[in-house]
There are 2 protein chains.
Amino acid sequence: MARGSNLSRLGDFNQVVVLDAIRRAPAGISRVELVAETGLTAQTVSNIVRRLIHEEFVAETGRVKPTTRGKPRMQLRVRASARYAVGVHVDPATLTYVLIDLEGRVRQYVRRHTPDVGRPDQVVAAIAAEVERLIDAAGVDRGAILGLGVAAPGPIDIDEGVLIKPPQLAGWERVRLRADLHRATGLHVLMDKDVTAAATGERWALGGARHHFVFCYLGSGVGAGVVMDDVVLRGASNNIGEIGNIIVDPSAPDIGIGPAGSLASTCMPQALVVHAQRRGLITDEVSRSDFVALDDAFTRLCERAYAGEAECLRLLDEASAGLAAGLAVLVNALDVDRVVLGGPIWSRISSHVLAVLPDAIRPRVNARSTLAVEGSAVGEHVAAQGAAALILDHYLSPHPTVLVVE
Amino acid sequence: MARGSNLSRLGDFNQVVVLDAIRRAPAGISRVELVAETGLTAQTVSNIVRRLIHEEFVAETGRVKPTTRGKPRMQLRVRASARYAVGVHVDPATLTYVLIDLEGRVRQYVRRHTPDVGRPDQVVAAIAAEVERLIDAAGVDRGAILGLGVAAPGPIDIDEGVLIKPPQLAGWERVRLRADLHRATGLHVLMDKDVTAAATGERWALGGARHHFVFCYLGSGVGAGVVMDDVVLRGASNNIGEIGNIIVDPSAPDIGIGPAGSLASTCMPQALVVHAQRRGLITDEVSRSDFVALDDAFTRLCERAYAGEAECLRLLDEASAGLAAGLAVLVNALDVDRVVLGGPIWSRISSHVLAVLPDAIRPRVNARSTLAVEGSAVGEHVAAQGAAALILDHYLSPHPTVLVVE
């Protein structure tokens, strides 16, 4: 693993340590505090700060009187617009893009239907073109883009930058997405599993405290990211979070999507479309491999549910009950005190699910006095945000959590 | 949390750092290497080592020629017999005790039926008496015992040292086991959940490598400890590993133990006894709250299975199938590459379960090229060993993972 392989672009290790300490103090930090924080000498900190200011990574933002006695100290903050990162989240139905600045704020955000999902080369070309438009639209110098983070459905091989064989991407087998996107965009590319990127994005947004949560990812598939004691867990092969096969309704019939009564067969959009077809709520044919068409059919089902159609609403109730049973398994097994839901389909079902899920899940969780159940604080671009955050982390942290770079 | 509150017993923080570095080098370590390892000055290391030798924590074990050039260096090792820790594992049917030395080696090991499990005071008295016998039998000076680690069924409140209301310990409600055992033994007492202690014990024994594994704990209950990236996970309230409610057989009838078709209703000894009764294999009455009687009935069932009685063997097959389904849920959700089984009932079923479980679990786990399925490397005292290891960790590590001490 080429950890920190490109630190040299930003200078030496100590420089990265100082920049990271400044980044982590959004309210500003003084040179004296940096000395305390980093363990470097005052002279080293002073030299590095001069260089960071010269290179426009950092700006002085005025003097602040310290809480203890002493003269006012000049505060330092990162210049949010010094560097940027792009994130893209690849879902079989939806491509979600963000461009974030050095402080992690979203500068650009766009969603597109995934084009011709059976052809990886078409998807790569579409991503490259959209990333180009995103950078143009942001009016950002291309040299200020640190790289492109990609959140993709598992299983993935992070060392090779390969999508192994995502069950929902028919025809995608060992696609070298990282290398292909690097060639197509000219950018440095990092890859991560969608659920892990989503957990990373959510952790980024939550701030403070020692968090323990499960991020329930709802897109064309269902998965889970896990944060324990503030650490985003990845698993032995970086493929944490395969929860679709958990049995949530033992009496449910087999509909040909995952095992009978599984979370996948209860909550995935294509499963809800099949349930609707079996009950005569949808009479159109919808190909099970056309994820965009499935996504559209699912959107119409949700609209009908919210318009008051009882049978459609029942589908959402059943999906919520399934989620309650599946998430209870994870809460009990992992002892998290928070469940966060999000992902590409989340906004279409959130108001109904959040109205029923907390009461449905609590009786199922052992011995928990508190359990927060909430929608993502980031929103539908959470996995794209997390993927972009990985780029910042990789280039700007002394101890990046991930990954290999092309 | 009073982390490291008793470090002063062993001297200052640097002394603990040096001792820990020596402890982690079972083959021996030189003063020069200690300087490199700890970041302390040669003079500080030299002073601390002199003190540790004087206090008989550490011994010089002879000179070894370094691999690079230079003169032979005196090796230092901990004196295994300088201090000891006792561990007890409280299961409704069985009490398991170990006494380990400073290197973690078991010096004494004993198992007892749990007496009169409905009366916490009786259990506490029995533990105190047995701990006394254990120390006597080891011929160890009481002053050399660092403390008593307790592994107990959850849910527990680690901050208060309380067993909240373990479902299998009828009549135990908010029992202050830590304080009670401290009073009864005069020893410092730490408490941990059984599954976490078991994972700690197993991690201790595995050595080397970055481990990701689930420890499937099989006692009067079924639970799971989790080690991810070499860290023993604990959960938001230290109650990780409640897996009994996972549905593993959707078509199974309700037998009044856990939800119908759950892991608990398939694998727990009392569940197997009930299944056997329902099929006429056992005609005796066995009270569902008498865990010792249930344990004995379960032992006889296992003996009959191994003697070739087909219907009894089928019970073990069904339990193995349930374990495969339940563990597959955890392997998929957490992306571990190893499953370890152990706990108080493990030795009675291990040869049969290990013969069928690996083949039963592999088709159920997504996208895993390798998955090790194995019995505990420690054995039935793994949770007691882990509880005792917590004591060593608490008193001898600069950054103890746990806990509060009485």
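From a predicted model like this one, the values you see are computed outputs, not experimental measurements. Residue positions are given per chain, counted from 1 along the sequence in the order it is written. The lettering of chains begins at A and the numbering of ligands begins at 1, in the order of writing. Totals for whole chains, interfaces and linings use all residues, but because this is a predicted model, local features are given only for residues with pLDDT of at least 70 and pairs of side-chain atoms are given and counted only at 80 or more. Only hydrogens and water are set aside; all other atoms, that is, all heavy atoms of the structure, feed into the side-chain values.

Student: Can you tell me about the overall build of chain A, naming the residues and giving the values?
Tutor: A run of H or I in DSSP becomes a helix once it reaches four residues, and a run of E becomes a strand once it reaches two; helices and strands are each numbered from the N terminus. Helix and strand counts for chain A come out as 12 helices and 15 strands. For chain A, the spread of C-alpha atoms along the principal axes amounts to about 75 × 50 × 40 Å. When accessible area is computed with a 1.4 Å probe and restricted to protein chains, residues below 20% of their type maximum are described as buried, those above 50% as exposed, and intermediate ones as partly exposed. For chain A, the residues scored as buried account for 58% of the 406 residues in total.

Student: Outline the relation of the copies chain A and chain B, supporting the account with residue identities and numerical values.
Tutor: The least-squares superposition of copies is restricted to C-alpha atoms, and to residues with a pLDDT of at least 70 in both copies. Of the two same-sequence chains, chain A is brought onto chain B (RMSD 0.1 Å, axial shift 0.1 Å) by a rotation of 180 degrees. Taken together, the rotation and translation relating the two chain copies correspond to the operation of a two-fold axis. Identified as the residue of chain A closest to the rotation axis by C-alpha distance is Pro250(A), at 2.3 Å.

Student: With reference to specific residues and values, describe the sheet that holds strand S1 (residues 29–30) of chain A.
Tutor: Residues and elements named next belong to chain A. For two strands to pair, DSSP has to find at least two bridges joining them. Taken in spatial order, the 3 strands line up as S1-S3-S2 in an open sheet, and their pairing is antiparallel. What marks the edges here is a single partner per strand, and that holds for S1 and strand S2 (58–64). Inspection of the sheet shows S2 paired to strand S3 (residues 73–78) by 5 bridges, in the antiparallel sense. The residue bridging Arg63 from the neighbouring strand is Met74, located in S3.

Student: Could you give me a rundown of the sheet that holds strand S4 (residues 84–90) of chain B, with the residues and numbers involved?
Tutor: Sheets are built from strands paired through backbone hydrogen bonds, the pairs being either parallel or antiparallel. Residue and element names in this part refer to chain B. With respect to topology, 5 strands assemble into an open sheet ordered S6-S5-S4-S7-S10, the strand pairing being mixed. Of all strands in the sheet, those bounded by a partner on one side alone are strand S6 (106–113) and strand S10 (189–193). Within this sheet the neighbouring strands show an average axis-to-axis angle of 15 degrees, counted without direction. The sheet contact formed by S4 and strand S7 (residues 145–152) spans 5 bridges and is parallel. When the sheet's bridge partners are listed, Tyr84 is paired in S7 with Ile145. By definition in these notes, contact holds between two residues if any of their heavy atoms fall within 4.5 Å. Note on geometry: axes are C-alpha line fits, over the in-contact stretch for helices, and angles between N-to-C directions span 0 to 180 degrees. Across the sheet, helix H6 (residues 194–206) touches S4, S7 and S10, and the angle it forms with S10 is around 100 degrees.

Student: Any chance you could break down the packing of helix H8 (residues 269–278) of chain B against helix H9 (residues 291–306) of chain B for me, citing the residues and the numbers?
Tutor: Residues and elements named next belong to chain B. Running from N to C, H8 and H9 point in directions that differ by 65 degrees, and their axes come no closer than 9 Å. Every pair of crossing elements has a handedness; the one defined by H8 and H9 is left-handed. Judged by residue contacts, Pro269, Gln270, Leu272, Val273 and Ala276 of H8 engage Phe291, Leu294, Ala297, Phe298 and Leu301 from H9. Left-handed describes a crossing whose near helix is turned anticlockwise from the far helix by less than a right angle; the clockwise case is right-handed.

Student: So what about the pattern of salt bridges? Which residues, and what values?
Tutor: The term salt bridge refers to a pairing of a side-chain nitrogen on Lys or Arg with a carboxyl oxygen on Asp or Glu at a separation within 4 Å. Within this structure, the stated rule accounts for 50 salt bridges over all chains. Measuring nitrogen to oxygen at the nearest pair gives 2.4 Å for the salt bridge that ties Arg111(B) to Glu380(B). Highlighted residues: Arg111(B) in strand S6 and Glu380(B) in the loop between strand S15 (372–375) and helix H12 (382–396), separated in sequence by 269 residues. Residue Glu374(B) is joined to Arg338(B) by a salt bridge in which the shortest nitrogen-to-oxygen separation is 2.4 Å. With Glu374(B) in strand S15 and Arg338(B) in strand S14 (residues 338–342), this residue pair connects regions lying 36 residues apart in the sequence. Here the residues in one salt-bridge network are Arg77(A), Asp101(A), Glu103(A), Arg105(A) and Arg107(A), joined through shared partners.

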